[in-house]
Amino acid sequence: MRGKLMSLAVASLLVGGAVSSASAQARGYVGFGAGLSLPIGSFKDNYKLGWLGQVIAGVTGANGMIGGRIDGMYAANKLKGATGTTYSSSTLKLFGVNADVVWTPGKRPAKVHPYLLGGVGFFNAKGGSASSTKLAINGGGGVQIHAGNKMDFYTELRLISVQTSGKSTNFIPISVGLRWGGI
């Protein structure tokens, strides 16, 4: 547990370091989204396409190009071939938190903002009665579309790799949502 807390502290410092270079005009944002959890690799061999929910909170620098973000995610993927079993015994539930650095190229203000993000986090995987929390790494990108007074629609796709013993649990969350604030 100490190792996990230490890793989370290091991730927080990395995100904080990326954000600390921003001036006093840095802006925060919050949002939420939902989407699909696409299993890949050996995870795909045993589990079907699932669903996910996401909450985000972050900070962008004064120019809006570099920032940091924390997001929480809950994803559920049902076991292939599961019939006559309860939801909890036939579904792998992943609950995680990521700390990411976000890079948004381009000039502000613009109607459409592509962005790239990547970082580390922790995911708890629970299937049936077994449960474990492991380190995860992620990277991906998305697009924000300005919708009005500091509100954006976003869609993003990333690869998340949860470092389980012996192999990784890899999945691609595809999410859409709304965010308020920031640039």
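Residues numbered from 1 in each chain as written. Predicted model: local features only at pLDDT ≥ 70, side-chain atom pairs only at ≥ 80, totals over all residues. Heavy atoms only, no water.

(A) A look at the overall build of the protein chain. Within the protein chain one finds three helices and eight strands. Along its sequence from the N terminus, the protein chain presents helices and strands in the succession α-β-α-β-β-α-β-β-β-β-β. The buried share of the protein chain, reckoned over its 183 residues, is 38%. At a minimum sequence separation of 6, the contacts of the protein chain that also span at least 24 residues come to 60%. (Helix = DSSP H or I, 4+ residues; strand = E, 2+ residues; numbered from the N terminus. Buried < 20%, exposed > 50% of the residue type's maximum accessible area, 1.4 Å probe, protein only. Contact = heavy atoms within 4.5 Å.)

(B) Examining unusual backbone geometry more closely. Phi is positive for lysine 150, which is not a glycine, with a value near 55°. Tracing the backbone through its elements, the reader meets lysine 150 in the loop between β6 (130-148) and β7 (151-163).

(C) Geometry of the pairing of strand β5 (residues 112-127). Pairing of strand β4 (residues 91-103) with β5 involves twelve bridges; the strand directions are antiparallel. In the strand pairing of β5, tryptophan 103 is matched with leucine 116. The pairing of β5 with β6 spans 16 bridges and is classified as antiparallel. Within the sheet, the bridge partner assigned to alanine 125 lies in β6 and is serine 132. (Pairing = 2+ DSSP bridges.)

(D) Just the nonpolar core, in detail. Residues Leu94, Phe123, Ile160 and Phe171 are the most contacted members of the largest nonpolar core, which totals 13 residues. Secondary structure elements with two or more residues in this core: β3 (66-78), β4, β5 and β7. Setting aside anything within four residues of it in sequence, one finds phenylalanine 123 in contact with Met73, Leu94, Phe95, Gly96, Asn98, Ser132, Thr133, Lys134, Ala136, Ile160, Val162 and Phe171. Ile56, Val102, Tyr115 and Leu117 belong to the second-largest nonpolar core, a separate cluster that totals six residues. (Core = buried A, V, L, I, M, F, W, Y, C linked by side-chain atoms within 4.5 Å.)

(E) Structural context of the side chain of serine 175. When you line up the elements, serine 175 lands in strand β8 (residues 168-181). Relative accessible area serves as the criterion here: at 2%, serine 175 is assigned to the buried category. Looking at serine 175, its side chain comes within polar contact range of the side chain of glutamine 54, at 3.1 Å. When sequence neighbours within four positions are dropped, the list of residues in contact with serine 175 reads Ala34, Gly35, Leu52, Gln54, Tyr154, Thr155 and Glu156. (Polar contact = N/O pair within 3.5 Å; in protein donor to acceptor, adjacent residues only side chain to side chain.)

(F) Layout of the packing of aromatic side chains. For the coordinates displayed, the defined rule picks out four aromatic pairs. The interplanar angle of 50° and the centroid separation of 5.2 Å between the aromatic rings of phenylalanine 43 and tyrosine 47 together place this pair among those described as tilted. The ring of tyrosine 29 is capped by arginine 179, whose NZ or CZ atom sits 3.7 Å from the centre of that ring. (Phe/Tyr/Trp six-rings, centres within 6.5 Å; stacked < 30°, edge-to-face > 60°. Lys NZ or Arg CZ within 6 Å of the ring centre and 35° of its normal.)

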